Every structure is written in C-alpha cells, then in structure tokens.
Amino acid sequence: MKTKIKILLSAVIALVLAILVIGCSGQNGGQPKPEANKSSQETTTQTSGISKSSTNESDTPGEASETSIASIPYYKDTVAELNKKYTHQERDQKNAEKHKARQYKDGFGNLVQPVPDDEIGWNSSYLNADQRGCTSCHTLEDALLNMDTYHGQIYNGYPTEQTYANCVACHAWAQPLKNPIQGIHNMNKAFPAQGGSCDSCHYIDAGENGPEFKRWDYEKFNLYKGITDVSSEDAKLQITYDQDTKSTTDQIFYKSLKSYGGWEPTNWRTDDSKVDEDLYNNWVFSIKDGVENPIEMTIPELVEKFGTQTETMKMHCCINGVGNATIFQAEVSGIPLKKVLDYAKIKEGMDAANITAEDSYPNVNAKYHIPFEYLLKDDVLLVTELNGEKLPNSQGAPLALWIPRISSGSMIKVLTGLDMIKADEHKDSSSAAFFGDFTDPAIDDAASKPNSAVLNYPSGVILTDDKASNVHLEGFADGWDEPITKVEFSLDHGKTWTAIDVSNNDPKKWTYWKLDFKPENKGSYLLNIRTTSQKSDGTLRTSIWDTQFIFHVK
C-alpha cells in the first residue's frame, strides 16, 4: 500500500514540474513564440544566423537564461533584409575559389587535375571528391610496395594512372578484396586521422532495395558537376584506327616475376641495362616427357636447327582493369614452337603441355597446363628478341613463351622447357589458357572484357595551347581472344555516340584508335568509350563498364 502511494506521489510531482517548465518556456516546445521573438529583436545581436542576447549572456553549457533562449530569431521577419546581406553569387564564387580542385604533376610530367572545377565548388566541398577514391591518398604502386607482406607489382609504361580496377580480376578468385582492404584501413591510424571513412572508398546509393555500397571510383564521373556535354553531332569527332601500331620498349608494362630466385626480389634479373650474353648462349631448353624424340638444346642450337620467325602481336594482361594500360604490342622474334614439337614428335594421346620455367605461373601453389589448341598454332614463338633487341630481363630474358590470342598470363617468362601430358590424368593441374574473362564479383560477369583505354594521357590531364585547341587522344580496344567489332565514343555521358566499325579484326593484335576533337570552349570534358567484341559462337559482347576519361581544356 505504501509503495502505491509513493508511485502516485512521484507521478503527481512529475506532472506539476512538467507544467511549470512549459509555462516558463512558452507553448512552443521550448522555442519562443513569434511574438516573444519580435519583442526581443531590439536587444539581440545576430551571429551566423543565430543571435545571442546582448545582456545576461552565457556561453557555459547548462546556464542559458530566459533571455538567451528568447534570442533565437524568427527568420520570416528577416526576409526583407536578405537582399542586403545575402548575395548567392558572391557566396558561390567564394566557395568555388576556396574549394578549387587539387592539381599535381605525374611521373611523366603531365599536369593532372582528377576532379573538375565547378561554379559553386560542389565537387570538393559537398562531394569531398578530392579526398575520395583509392588514388586520392596514394598511388596503387605505393600501396602495394609498402604492404607489410610481399605483393606482386605492375608498372605501366604508358602515362596512365593505375586504378582499383586492376585489382578486381585477381581478387575475384584469390582472397576477396574487401577483406584485406577493410582490415588494412581500419587498423591504420593514419586513415581516420586523415578523415578516412566508408565514404572514402564507397558511394552509398539509397536504391529501391535499400542502401547499396558502390565503388566510388566507378561512380564518380557521373556525380561530378562542371563537365561540359557535347553531342556526337556537335563534337564532330575524327577517329581512325589500325592494328599495326607498336609500343616502344619504354611503353611496355612490367609485371613482377612470380617465383624465380627463391621469391626474393634481390635475386631477380631485372636490370635491363645489363644483357648477359653468356646466359643467352648457355641457356638450355628441354622437352623430355611425352615425346618420341626428347630434346635438350641451347638457344643458339635451337636457332640454328629451327630458324627464327618474326610476328607482331599484343601482350594483354589477364587482369587489365577497365581503362587501364596493362597491354602493349610489339614485334617479337623467336623460334617457332610448332617446328620444335614436330621434331620432338609428340606421343599419341598427349593433349596439353606443362610449362617449366624459373618464373613459374601462377604463384598460388597450383600446376597449370596449356591445351594444344592454343599451343600448336604456327605463330607461337619461343621469343628471344623484342622490337629488334635482345629480350629484356624484365620481360623474361633470355627466353619467353608468347602465345597469341590469349592473355599474358600464359606467356611465360624465363622459360626452361615443356612436358607433354594427358590433361585428364593430371588432376593436380588445370588449364592456363587465360582469356581476360575473370569475373567481377559486383556484377557476376567479365570484369573488363572487352576493354579500352586512353594511352597517351592520364585521366584528368590539363591541356593548354595547341594541345587544347586540337585535342588528340590515342588508345586501344581489345577483347583478348575475341575480335573487336565496334568502338563507340561519347562526350555527353552516353546520350549520343560516335561509332567506328572495326569488323574482321585480328584478335592477335590490338585495335589502336586515334581521336581528334576541336572543343569550342574551355572547360572539363568526359569521354566515355564503349567496346564490343565477338564471341566464338558469333554473338556479341559489349563492355559492362564504359571506360571513362576526363580531360580539361584551359
């Protein structure tokens, strides 16, 4: 009974206190009535839109007086004053100037601005675009080189930025990329100290099925303001293409060696300034298993017996991501492998070859073989020369296997031999005929097949003078084993396109295009490139992601 009385008394006391509080603060839920605010305006001074009382003022939390509460302005009364103190043009200009996009010079000497300027500074102050994406904090090369454990490296020869898209393909079948990336960033004190958050890597899209974490690097160009759209009719793009353009040796990408030298980079032969003639003259290539006539010959002996052959062909890395430049085309010379195998006489029933090399592929503790349907063509070479010079150390000297139409994942460096096998009897090995069709887990489809990129500039390049008045871009389109049938270009976010028909292309070579555009005005422009290839069954495959390339005319 006593307990019930205590509860009742407590409720009554609380009700009385609530009525007193409401009576003191007015009937506006703690906010002053308009009338109260009007009467107080003569005794208040506005600061940043909210005013404090000129008397009885307190900045100490918990010590606000009735006068300071009543000092919050009733904004409707200030409408007549807006034209005297609020000029939107001046505010926009100040914000745009304060939040100008960052610029830097890349390693090739190009002036680069990744984010376009806009009239109100939207991209930097509201999207925080200069502080988002993988390469806003570091280059991909630095990120990998500075990991606490060993990771392979890819260095571009063309002046393009390597992006997150180059990581997707490998990590579709290796360790899922989200796991190490989230762990590395969350445990690194520098990341939150620099303002890092989920938004640094992601664009959170509130879709119909709830929030979706998308890749910022894949979404950013469609979110930016300040881009000038030009229809295909007005752009009047002049586009040509060929399949014969070759890369210079300096433009060749470098993919780090997998395992030779006991995995230790200090043991690798990668100094291209030192060509070891003795290594070339004494290097032994052998075919021992699965043939009637085993051979073991030095490179000079192979050349003397089987001669050499020269071919122009591309080397396209199987993990080359959307808009990346892990590709080149070169003139290569070497011993025709088919002549060697014809001499060795493959035993009946053999249908694949295991590769032996100092630099075995890949580095995931598995054995891989190459099916004969790709290995026994007339243009497969044991390469000894590249662009008229001895094969560089960084490209697998003194001997490398080049197989046209498949990816460079099966073009083995520092080759020592082959062994013929029956594939179905080697359950510990699987096919190494990589075609660039690794799956992107975000779309459950080929990550970048077919693919394209601008090769002569990095995205975000600033063009001035003659380079600005006549914008000249060059790049590639390629589908690994699939011939390219069409390449399309758009300067208005994909609303209209200019297409070039490249039917009957040879998939052994890339499709090298050149584009000229005369902009009428200064500004930032976005080039979308869409590629289409033909599958072996005759159906067409169009790139899932457009290559997007931004450039600034100043």
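Reference entry: report on the structure contained in this document. As the structure is a prediction and not an experimental result, all values here were calculated from the model. (Residues numbered from 1 in each chain as written. Predicted model: local features only at pLDDT ≥ 70, side-chain atom pairs only at ≥ 80, totals over all residues. Heavy atoms only, no water.)

**Topic: the overall build of the protein**
Here is step 1: For the protein, the helix and strand inventory stands at 17 helices and 31 strands.
Here is step 2: Here the protein, with 554 residues, has 44% of them falling under the buried criterion.
Here is step 3: The contacts of the protein with a sequence gap of at least 6 include a subset with a gap of at least 24, amounting to 71%.
Here is step 4: Carbon together with sulfur atoms contributes 50% to the accessible area of the protein, which is approximately 29300 Å² in total. (Helix = DSSP H or I, 4+ residues; strand = E, 2+ residues; numbered from the N terminus. Buried < 20%, exposed > 50% of the residue type's maximum accessible area, 1.4 Å probe, protein only. Contact = heavy atoms within 4.5 Å. Areas by Shrake-Rupley, 256 points an atom, 1.4 Å probe, with all protein chains shown as cover.)

**Examining the nonpolar core**
In a soluble, globular protein the nonpolar side chains are often hidden away together inside.
Here is step 1: Within the largest apolar cluster, 59 residues are counted, with the highest numbers of intra-cluster contacts made by Phe285, Leu401 and Trp402.
Here is step 2: Apart from residues no more than four positions distant in its own chain, Leu401 is found in contact with Leu337, Ile355, Ile370, Leu375, Val380, Leu381, Leu382, Ser410, Met411, Ile412 and Leu415.
Here is step 3: By size, the runner-up hydrophobic cluster in this structure holds 27 residues, among which are Ala477, Ile500, Val502 and Tyr525. (Core = buried A, V, L, I, M, F, W, Y, C linked by side-chain atoms within 4.5 Å.)

**Details of helix 14 (residues 299-306)**
Here is step 1: For helix 14, every residue scored as buried is listed here: Ile299, Leu302 and Phe306. Buried residues in helix 14, looked at end-on, bunch into an arc of 60°, giving them a common side.
Here is step 2: Downstream of helix 14 by a residue or two, Gly307 has a phi angle that is positive, lying close to 75°. (Arc of directions from axis to C-beta.)

**What to know about the sheet that holds strand 28 (residues 511-517)**
Here is step 1: Here four strands make up an open sheet; going across it, the order is 8-28-25-23 and the pairing antiparallel. Only two strands of the sheet have a single partner each, and these edge strands are strand 8 (238-242) and strand 23 (451-454). Across the sheet, the axes of successive neighbouring strands diverge by a mean angle of 20°, strand direction being ignored. (Pairing = 2+ DSSP bridges. Axes fitted to C-alpha atoms, helices over the stretch in contact; angles between N-to-C directions.)

**Section: unusual backbone geometry**
Here is step 1: Here the residue pair Ala397 and Pro398 is connected by a cis peptide bond, since its omega of 10° sits within 30 degrees of zero.
Here is step 2: Residue placement: Pro398 occurs in the loop between strand 17 (389-390) and strand 18 (400-402).
Here is step 3: Located in the positive-phi region is His493, a residue other than glycine, with phi close to 60°.
Here is step 4: Tracing the sequence through the fold places His493 in the loop between strand 26 (484-490) and strand 27 (498-501).
Here is step 5: Not every positive phi belongs to a glycine, and Asn504 is a case in point at roughly 65°.
Here is step 6: Relative to the elements of secondary structure, Asn504 occurs in the loop between strand 27 and strand 28.
Here is step 7: What makes Asn504 exposed here is its relative accessible area of 80%.

**Regarding the pattern of salt bridges**
Here is step 1: All chains considered together, the criterion is met by 22 salt bridges.
Here is step 2: Across the salt bridge formed by Arg102 and Asp130, the nearest N and O atoms sit 3.5 Å from each other. Note that Arg102 is positioned in the loop between helix 5 (88-98) and strand 3 (104-105) and Asp130 in the loop between helix 6 (122-125) and helix 7 (140-145), a separation of 28 residues in sequence.
Here is step 3: Taking the relative accessible area as the measure of exposure, Arg102 reaches 29% and is therefore partly exposed.
Here is step 4: Residue Lys495 pairs with Asp229 through a salt bridge whose shortest N-O separation is 3.5 Å. Note that Lys495 is positioned in the loop between strand 26 and strand 27 and Asp229 in the loop between helix 11 (216-219) and helix 12 (232-235), a separation of 266 residues in sequence.
Here is step 5: On the basis of relative accessibility, which here comes to 37%, the residue Asp229 falls in the partly exposed class.
Here is step 6: One continuous salt-bridge network, built from bridges that share partners, spans Asp437, Lys449, Asp481, Glu482 and Arg541. (Salt bridge = Lys/Arg side-chain N within 4 Å of Asp/Glu carboxyl O.)

**Some points on the sheet that holds strand 20 (residues 429-431)**
Here is step 1: Strand order in the open sheet made by the six strands is 11-10-19-14-15-20, with mixed pairing throughout. Because the sheet does not close on itself, it has two edges, and the strands there are strand 11 (295-298) and strand 20. Here the average twist between neighbouring strands, direction ignored, is 25°.
Here is step 2: Inspection of the sheet shows strand 10 (residues 284-287) paired to strand 11 by four bridges, in the antiparallel sense. Considered in strand 11, the bridge of Ile287 is made with Ile295.

**Quick notes on the packing of aromatic side chains**
Here is step 1: If you walk through the whole model with that rule in mind, you get 17 aromatic pairs.
Here is step 2: Taking the centre distance of 6.3 Å and the plane angle of 80° together, the rings of Tyr164 and Tyr218 count as edge-to-face. In this pair, Tyr164 is assigned in the loop between strand 5 (154-155) and helix 8 (165-168) and Tyr218 in helix 11, connecting sequence segments 54 residues apart. The two residues Tyr164 and Tyr218 agree in class, both being buried.
Here is step 3: With 6.4 Å between their ring centres and 75° between their planes, Phe517 and Phe551 make a pair best called edge-to-face. With a gap of 34 residues between them, Phe517 in strand 28 and Phe551 in strand 31 (residues 547-553) connect regions that are remote in the sequence. (Phe/Tyr/Trp six-rings, centres within 6.5 Å; stacked < 30°, edge-to-face > 60°.)

**Here we look at the environment of Ala432**
Here is step 1: Among the structural elements, Ala432 can be located in the loop between strand 20 and strand 21 (439-440).
Here is step 2: Ala432 gets classed as buried once you look at its relative accessible area, which sits at 6%.
Here is step 3: Spatially, the C-alpha atoms of Ala432 and Ala353 are 9.9 Å apart, while their sequence positions differ by 79 residues.
Here is step 4: Once you skip the residues sitting within four places of it in the chain, Ala432 turns out to touch Tyr368, His369, Ile370 and Ser410.

**With respect to a nonpolar patch on the surface**
Here is step 1: Together, Val79, Leu82 and Tyr86 make up a nonpolar patch on the protein surface, roughly 280 Å² of accessible area in all.
Here is step 2: By secondary structure assignment, the location of Val79 is in the loop between helix 3 (66-69) and helix 4 (82-85). (Patch = residues over 30% accessible without salt bridge, like charges linked within 9 Å, V, L, I, M, F, W, Y side chains within 5 Å.)

**Here's the deal with the side chain of Ser408**
Here is step 1: Within the secondary structure, Ser408 is located in the loop between strand 18 and strand 19 (415-421).
Here is step 2: Only 3.4 Å separates the side chain of Ser408 from the backbone nitrogen of Cys317, close enough to count as a polar contact. (Polar contact = N/O pair within 3.5 Å; in protein donor to acceptor, adjacent residues only side chain to side chain.)

**Things to note about the pairing of strand 6 (residues 202-207)**
Here is step 1: As judged from the six bridges shared by strand 6 and strand 7 (residues 210-215), these two strands associate in the antiparallel manner. Looking at strand 7, one finds that Tyr203 is bridged to Lys214.
Here is step 2: The turn linking strand 6 back onto strand 7 is made up of two residues.

All we've got here are geometric facts, nothing functional implied.
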